[in-house]
Amino acid sequence: QVQLVESGGGSVQAGGSLRLSCAVSGYSSYMGWFRQAPGKEREGVVAIASDGTTRTADSVKGRFTISKDNAKNTLYLQMNSLKPEDTAMYYCAAGWLFTLTPKYYNYWGQGTQVTVSS
């Protein structure tokens, strides 16, 4: 019942910023942003609960911020001070547990590519 569509990816230089958007239809108690680089496991970046509580991976803490606009049914990921190691396909997801572990999320968007050059 939950459908997700990401947008906003692109190519930026190190130190730059980018904002990703996720259009949401349906309802889920827990949502998050995940990423996967070539040859690496998919990892959780940030998650948000229905009450606004957030959980952030250490690798992006202080640089990435998750937010939502319930009126617009949209989830956002603001990425600042981007580094080359942030390069990955980024996915919006909805799940049934407040966690950064991908296996607890059962609805996924198509992904949007983020490339950071040095």
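Since we're looking at a predicted model, the values are computed, not measured.

1. Re the nonpolar core
Stage number 1. Counting 34 residues, the largest nonpolar core has Trp33, Met79 and Tyr90 as its most contacted members.
Stage number 2. If near-sequence neighbours (up to four positions away) are discounted, Tyr90 is found in contact with Glu6, Leu20, Phe34, Arg35, Val45, Phe64, Leu77, Met79, Gly111, Thr112 and Val114.

2. Some remarks on the state of the cysteines
Stage number 1. The full count for this structure, using the stated rule, is one disulfide.
Stage number 2. Residue Cys22 pairs covalently with Cys92 via a disulfide, S to S 2.2 Å. Judged by the torsion about the S-S bond (-80°), the Cys22/Cys92 disulfide is left-handed. Linking Cys22 in strand β3 (residues 18–25) with Cys92 in strand β9 (residues 88–95), this pair joins segments that are 70 residues apart in sequence. By the burial criterion, Cys22 is buried, and Cys92 matches it.

3. What to know about unusual backbone geometry
Stage number 1. Not every positive phi belongs to a glycine, and Asn73 is a case in point at roughly 50°.
Stage number 2. Looking at where Asn73 falls in the secondary structure, it is placed in the loop between β7 (64–69) and β8 (74–79).
Stage number 3. For Asn73, a relative accessible area of 46% gives the class partly exposed.
Stage number 4. Positive phi values are uncommon outside glycine, yet Ser81 reaches one of about 50°.
Stage number 5. Along the chain, the position of Ser81 falls in the loop between β8 and β9.

4. A word on the packing of aromatic side chains
Stage number 1. Tallying each qualifying case throughout the model produces six aromatic pairs.
Stage number 2. Seen from their ring centres, Tyr30 and Phe98 are 5.9 Å apart, and the 25° between their planes marks the pair as stacked. Of this pair, Tyr30 sits in strand β4 (residues 30–36) while Phe98 sits in the loop between β9 and β10 (105–108), and the two are 68 residues apart along the sequence.
Stage number 3. What makes Tyr30 partly exposed here is its relative accessible area of 26%.
Stage number 4. Here the aromatic cluster, defined as three or more aromatic residues joined through ring pairs, consists of Phe34, Tyr91, Tyr105 and Trp108.

5. Let's talk about the side chain of Asp86
Stage number 1. By secondary structure assignment, the location of Asp86 is in the loop between β8 and β9.
Stage number 2. With residues near it in sequence (within four places) discarded, Asp86 still touches Arg35, Val60, Arg63, Phe64, Ser81, Val114 and Val116.

6. Some details on the pattern of salt bridges
Oppositely charged side chains can form a pair if their charged atoms are brought close together.
Stage number 1. This structure, assessed with the given rule, holds three salt bridges.
Stage number 2. Across the pair Asp86 and Arg35 runs a salt bridge, and its minimum N-O distance is 2.9 Å. A residue pair is termed long-range when its members are at least 10 positions apart, and Asp86 in the loop between β8 and β9 and Arg35 in strand β4 qualify at 51 residues.
Stage number 3. Relative accessible area serves as the criterion here: at 1%, Asp86 is assigned to the buried category.
Stage number 4. A salt bridge links Asp86 to Arg63, with the shortest nitrogen-to-oxygen separation between them at 2.7 Å. Of this pair, Asp86 sits in the loop between β8 and β9 while Arg63 sits in the loop between β6 (54–56) and β7, and the two are 23 residues apart along the sequence. Across the pair, exposure class does not vary: Asp86 and Arg63 are buried alike.
Stage number 5. Where salt bridges share partners, they join Arg35, Glu43, Arg63 and Asp86 into one cluster.

Conventions used here
Residues numbered from 1 in each chain as written. Predicted model: local features only at pLDDT ≥ 70, side-chain atom pairs only at ≥ 80, totals over all residues. Heavy atoms only, no water. Core = buried A, V, L, I, M, F, W, Y, C linked by side-chain atoms within 4.5 Å. Buried < 20%, exposed > 50% of the residue type's maximum accessible area, 1.4 Å probe, protein only. Contact = heavy atoms within 4.5 Å. Disulfide = S-S within 2.5 Å. Helix = DSSP H or I, 4+ residues; strand = E, 2+ residues; numbered from the N terminus. Phe/Tyr/Trp six-rings, centres within 6.5 Å; stacked < 30°, edge-to-face > 60°. Salt bridge = Lys/Arg side-chain N within 4 Å of Asp/Glu carboxyl O.

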